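Structural overview for review
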Amino acid sequence: MTLGSNSLSAELVIRAKSDRHYADVASDWLAGALADFVPDLESLLARGLQMNPAALADGTGRTPSGEPGGLWAQFRVKPAHARPFSAAMPYSEKSLRAVARALQRRPHIVEHIVTPLDERGFPGKGTVWITVSAIEGVADTWVKLKTEAVPVTGSRHSPDAQRRWAEALKRRAAINGACYGHVTDDCLTDETPLETALGAVDVVTVPRCDLELRGYSWVTVCAGALGARLGGLGALMTTGAFDEVEELPGGALFLRATPTLDDYDEAAIERVFAVLEPVLIKGEMRRVFGMEHLRLHFPSA
């Protein structure tokens, strides 16, 4: 059985102190995540290569999206859960201002999508999705920050890229005071892999991330209160389940199971599960058809 996929996913959950704090955190993620996680594409974006907005209106797929070897970048805004996404806005100073205005109204989702273009100027491999989403219907202001990317070449991200994603998430978690976070390659929905297997939904679990751990992955950021229930920093360092354990500003714990995601095999998954199980969300595990790649402990039948 092959675990994981070719898509890397990094996620943080933040409790915003106010609408202004939400807008600041969201703006910072949308503006800086590409440089943190996929710096090669950020370099291309910074060069201001010409994009072709006419490709959006074409609909036939026969119109190049921009310069050969360049990239296409756009924003989409979903004002509320029950409303559709806005029309795609090609990356520009004008669209940046529009997104900044939208964030003041705490939209449900904002997407920043960046796609490398091939030698003919058409979309190629290596798309990056940078997303900010607000959890609606709860009293506090919760925000999920997410970046996902498939490799430009090959079937997997390199070990260097995997390590870069782990370090980038750690820096962001430290700056923003995250309640939960992960870096993994088996998260293909809005929920964590564990939530997927349990049939749980983030609108329920996110507001409880100080009380229950939403999942466990190669890299996991665990709320400080949950880390204390597990014995604290010292106890977690001695379990043998983690290659790296670090306390972040604000008290959250950064846990990296193995040096790279490629090293995170079934034995490592079992070690992490055994340590974190007391604080994980609970429910009946189910093997989801089409999700056999999930890096999780499944009880024996």
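Our subject is the structure that appears above.
Counting from 1, residues in each chain are numbered in the order their sequence is written. Selection of residues for local features in this predicted model requires a pLDDT of at least 70, selection of side-chain atom pairs for listing and counting requires 80 or more, and totals for whole chains, interfaces and linings are taken over all residues. Neither water nor hydrogens contribute to the side-chain values; these are computed over all heavy atoms in the structure.

**Looking at the state of the cysteines**
- The disulfide criterion is simple: two cysteine sulfur atoms within 2.5 Å. Tallied over the entire structure, the rule returns one disulfide.
- Put simply, Cys179 and Cys209 are joined by a disulfide, and their sulfur atoms are 2.1 Å apart. Here the S-S torsion is close to 130 degrees, and the disulfide linking Cys179 with Cys209 is therefore right-handed. With Cys179 in the loop between α5 (159–176) and β7 (180–184) and Cys209 in the loop between α7 (202–205) and β8 (219–222), this pair connects stretches of sequence that are 30 residues apart.
- A simple rule labels every residue: compare its accessible area, found with a 1.4 Å probe on the protein chains alone, to the largest value its type can have, and call it buried under 20%, exposed over 50%, or partly exposed in between. The class of Cys179 is buried, set by a relative accessible area of 6%.
- Take Cys222: it sits in no disulfide, and the sulfur closest to it among the cysteines is that of Cys179, at 8.8 Å.
- Taking relative accessible area as the criterion, Cys222 reaches 0% and is therefore assigned buried. Runs of H or I in DSSP of at least four residues are treated as helices and runs of E of at least two as strands, each being numbered from the N terminus.

**Digging into the layout of surface pockets**
- Using a grid of 1 Å spacing that covers the protein atoms alone, one calls a set of points a cavity when a 1.4 Å probe fits there but cannot get out, and a pocket when the set is open and has protein on both sides within 12 Å along at least five of seven lines; lining residues are those with an atom within 4 Å of a point. Grid points are joined across faces, edges and corners, and a volume is the space filled by probe spheres set on the points. Estimated volume of the largest pocket: approximately 550 Å³.
- Ile109, Ser133, Lys144, Asp190 and Asp202 are, among the 23 residues lining the largest pocket, the residues nearest its centre.
- If one sorts the elements of the lining of the largest pocket by residue count, strand β5 (residues 128–134) sits on top with four residues.
- Note on residue categories: nonpolar means Ala, Val, Leu, Ile, Met, Phe, Trp, Tyr, Cys or Pro, charged means Asp, Glu, Lys or Arg, and polar means any other residue, Gly included. For the lining of the largest pocket, the residue count by class is eight nonpolar, six polar and nine charged.
- Roughly 320 Å³ of volume is contained in the second largest pocket.
- Lining the second largest pocket we find 18 residues, and of these Val38, Asp40, Val152, His157 and Arg164 sit closest to its centre.
- Those elements giving two or more residues to the lining of the second largest pocket turn out to be α2 (39–46) and α5.
- Residues of the lining of the second largest pocket, tallied by class, amount to eleven nonpolar, four polar and three charged.

**Re the nonpolar core**
- Of all hydrophobic cores here, the largest spans 89 residues; its most connected members are Tyr216, Phe242, Tyr264 and Leu276.
- For this core, the element with the most residues is helix α1 (residues 19–37), which contributes nine residues.
- Dropping the residues within four chain positions of it, Phe242 is found in contact with Leu236, Leu255, Arg256, Ala257, Val272, Val275 and Leu276. Think of a nonpolar core as a cluster: buried Ala, Val, Leu, Ile, Met, Phe, Trp, Tyr and Cys residues, connected wherever their side-chain atoms sit within 4.5 Å. The contact criterion used throughout is that any non-hydrogen atoms of two residues lie within 4.5 Å.

**With respect to the pairing of β7**
- By the criterion of burial, β7 is predominantly enclosed, with five of the five residues buried.
- Both faces of β7 are covered, namely the face carrying Tyr180, His182 and Thr184 and the face carrying Gly181 and Val183.
- Here the rule is simple: two strands pair whenever DSSP picks up at least two bridges between them. As paired strands, strand β1 (residues 8–16) and β7 are joined by five bridges and run antiparallel to one another. Across the sheet, residue Val13 finds its bridge partner in β7, namely Tyr180.
- Of the strand pairs in this sheet, β7 and β8 are connected by four bridges, and their pairing is antiparallel. Looking across to β8, one finds that Val183 is bridged to Val219.

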